[in-house]
Amino acid sequence: MVLTSEMIMAVVAGIVTYIFGIIAKKFNWIESKYIPIQNAIIGMIAGMICYMLKVTEADLLTSIIYCIIGAMASGGTYDLTKTNKE
């Protein structure tokens, strides 16, 4: 399997979102019900940064979508790990 820059930027956005989610829960700077919105915002910002830095040949909308998918997937992964522990 060949990793493309789109896959890498989605994974990086997911990792950053996962870290922010853990920090948000630990320090309670945002209510848990708003964390998915935080994840989407991080994904949008990451997509714009990737587009501005020309990480990929994709257009702005595509970059944002890839990063939002990565960000939302990390939120789901975090919730899944917590569900299995309970």
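Please read all numbers here as calculations on a predicted model, not as lab measurements.

K.L.:
Explain the packing of aromatic side chains here, please?
P.N.:
What the rule picks out here adds up to zero aromatic pairs. When the ring centre of Tyr 51 is taken as reference, the NZ or CZ atom of Lys 54 above it lies at 4.5 Å.

K.L.:
Where do I start with helix α2 (residues 35-52) in this structure?
P.N.:
Structural remark: α-helix, 3.6 residues per turn; residues separated by three or four positions point the same way. For α2, which comprises 18 residues, the first-to-last C-alpha distance of 26 Å matches the rise-based estimate of 26 Å (1.5 Å per residue) to within 8%. Among the residues of α2, Ile 35, Gln 38, Asn 39, Ala 40, Ile 42, Gly 43, Ala 46, Gly 47 and Cys 50 are the ones counted as buried. Within two residues after α2, Lys 54 carries a phi angle of roughly 55°, on the positive side.

K.L.:
What is the right way to read the side chain of Thr 17 from this model?
P.N.:
If you trace the backbone, Thr 17 turns up in helix α1 (residues 5-27). Of note is the side chain of Thr 17, whose polar atom sits 2.7 Å from the backbone oxygen of Ala 13. Look past the residues within four positions of Thr 17 in its chain and what remains in contact with it is Asn 39, Ile 42, Ala 71 and Ser 74.

K.L.:
Looking at this structure, how should I read the confidence of the model for the protein?
P.N.:
Predicted coordinates in areas of low pLDDT are best not read in detail. The pLDDT averaged across the protein works out to 80; a share of 86% of its residues lies at or above 70. Element-level pLDDT for the protein is lowest in helix α3 (residues 60-85), with a mean of 78, against a maximum mean of 87 in α2.

K.L.:
Would you take a moment to explain the side chain of Ser 63 for this structure?
P.N.:
Tracing the backbone shows Ser 63 in helix α3. Residue contacts for Ser 63: discarding those within four places in its chain leaves Met 9, Gly 47, Tyr 51, Thr 56 and Ala 58.

Rules used in this analysis
- Residues numbered from 1 in each chain as written.
- Predicted model: local features only at pLDDT ≥ 70, side-chain atom pairs only at ≥ 80, totals over all residues.
- Heavy atoms only, no water.
- Phe/Tyr/Trp six-rings, centres within 6.5 Å; stacked < 30°, edge-to-face > 60°.
- Lys NZ or Arg CZ within 6 Å of the ring centre and 35° of its normal.
- Helix = DSSP H or I, 4+ residues; strand = E, 2+ residues; numbered from the N terminus.
- Expected span 1.5 Å × (residues − 1).
- Buried < 20%, exposed > 50% of the residue type's maximum accessible area, 1.4 Å probe, protein only.
- Polar contact = N/O pair within 3.5 Å; in protein donor to acceptor, adjacent residues only side chain to side chain.
- Contact = heavy atoms within 4.5 Å.
- pLDDT = per-residue confidence, 0-100.

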